[in-house]
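So you can see what is in the structure, the chains are spelled out below.
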Amino acid sequence: STTSLLLTTPTRSASNLDLDLDHDQGQAIDHQQSLLRRIPTSHTLNDIPNALDTLSEIRTRLRNAPTIWFLDYDGTLAPIVEDPDTAYIPTQTRDTLKELATQYKVAIVSGRSRQKVESFVKLDELFYAGSHGFDIRGPRNSLVQHSVAEKFLPELERARGNIHELVGNVKGVRIEDNWLAFSVHWRMCDKSEVPEIERCVDEVLQRFPSLRKTHGKCVFEVRPRLDWDKGKAVEWLLNTLDMDYQRIVPIYIGDDITDEDAFKVLKYRGISCIVADDVALSNGKNHKTNAHYRLRNPAEVEQFLRAFLY
């Protein structure tokens, strides 16, 4: 895997202004690390503040610090919808992303196939990590690219076909090919059918020990059994873009269980926000999270992103 030289951080001149900036950055880093050391090792959604209510604190942590944004797609940038093929990003959010990308590096990290997410977002200047980070590409004309687990494609195809034979006729089931992963959506199913759908998925995967099942929002995700996830994709991009050092403050926003892998990576070195509405909390979904802050919905995500445009 290679990286375009155009994407590296420019060398700074050794001027007095730079030295003052270095001093300010050092103070910002010390303050950020002091804040992070006070974060509990485990907390629930109810324990963390809304990011929009703590903008001044977050801005302090970002003061003079280079920043890179990592954003999930479904439920984060685009609202969750019954039909996954119609999960379109709002125009205002796309416009905000486009402007954000002129000021920061921005990456979309999704369980969807990279090509599908690119077709939804329609912004060539972003980085895209699809299939839960198994397939990464940089902006147009950059050399950033990384694919993990292509050798598993035949097994993924066979397993997907076998599962389709068992549950494809169940009303409401949608099986989505995410290239290096696939999803069994059950959002539109009768909920009484879900245990049997999961049993069928598990039965098929017993014949494919190289694959594993994870859970998402009304979906079973099937992907290669490898030590790779959204957190690993974040680490790979930081390293590839020469942004894996102390001054960088990565920000990750996501709404699902699979995003917790990225939250863990950034727990003591960045900022993370989980997207969860008040209705979910009132329905008993106050689960533990590694995120630092919460946003209630994609509209609040867009508002939060817009707050950091200058």
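Scroll up to find the structure.
Residues numbered from 1 in each chain as written. Predicted model: local features only at pLDDT ≥ 70, side-chain atom pairs only at ≥ 80, totals over all residues. Heavy atoms only, no water.

Let's talk about the nonpolar core
Looking at soluble globular proteins, one finds that nonpolar side chains tend to be buried together. In terms of nonpolar packing, the biggest core is built from 53 residues, with Phe70, Val184, Ile197, Leu237 and Tyr252 touching the most fellow members. Counting residues per element, this core draws most heavily on helix 6 (residues 194–205), which supplies 6 residues. Not counting chain neighbours up to four residues away, the residues in contact with valine 184 comprise Ile163, Val173, Arg174, Ile175, Ile197, Val201, Cys218, Val219 and Phe220. Counting 39 residues, the second-largest nonpolar core is a separate cluster that includes Ala51, Val117, Leu123 and Leu126. (Core = buried A, V, L, I, M, F, W, Y, C linked by side-chain atoms within 4.5 Å. Buried < 20%, exposed > 50% of the residue type's maximum accessible area, 1.4 Å probe, protein only. Helix = DSSP H or I, 4+ residues; strand = E, 2+ residues; numbered from the N terminus. Contact = heavy atoms within 4.5 Å.)

Section: the sheet that holds strand 11 (residues 249–254)
Taken in spatial order, the 8 strands of this open sheet run 6-5-4-3-2-11-12-14, and their pairing is mixed. Both outer strands of the open sheet, strand 6 (145–147) and strand 14 (293–295), are each paired with one neighbouring strand and no more. Mean inter-strand twist for the sheet, computed between neighbouring axes without regard to direction, equals 15 degrees. One ladder, built from 5 bridges, connects strand 2 (residues 67–71) with strand 11; its direction is parallel. From the neighbouring strand, leucine 71 faces strand 11, where its bridge partner is isoleucine 253. (Pairing = 2+ DSSP bridges. Axes fitted to C-alpha atoms, helices over the stretch in contact; angles between N-to-C directions.)

Observations regarding helix 2 (residues 55–62)
Taken as a whole, helix 2 has its buried residues at Leu55, Ile58, Arg61 and Leu62. All buried residues of helix 2 project into a common sector of 120 degrees when viewed along the axis, lining one side. Asparagine 64, located one to two residues past helix 2, shows a positive phi value of around 60 degrees. (Arc of directions from axis to C-beta.)

Let's talk about the state of the cysteines
For the coordinates displayed, the defined rule picks out 0 disulfides. Unpaired in terms of disulfides, cysteine 189 finds its nearest cysteine sulfur in cysteine 218, a separation of 9.4 Å. (Disulfide = S-S within 2.5 Å.)

Focus: the packing of aromatic side chains
Within the structure shown, the criterion is met by 9 aromatic pairs. Here the aromatic rings of tryptophan 69 and phenylalanine 304 are separated by 6.0 Å at their centres, their planes lie at 70 degrees, and the arrangement is edge-to-face. Note that tryptophan 69 is positioned in strand 2 and phenylalanine 304 in helix 10 (residues 298–306), a separation of 235 residues in sequence. Comparing tryptophan 69 with phenylalanine 304, the two get one shared label, buried. Just above the ring of phenylalanine 308 sits the side chain of arginine 59; from NZ or CZ to the centre is 5.6 Å. The ring of phenylalanine 220 has lysine 213 lying over it, and the distance from NZ or CZ to the ring centre is 5.5 Å. (Phe/Tyr/Trp six-rings, centres within 6.5 Å; stacked < 30°, edge-to-face > 60°. Lys NZ or Arg CZ within 6 Å of the ring centre and 35° of its normal.)

By themselves, these are just geometric observations and shouldn't be taken as functional.
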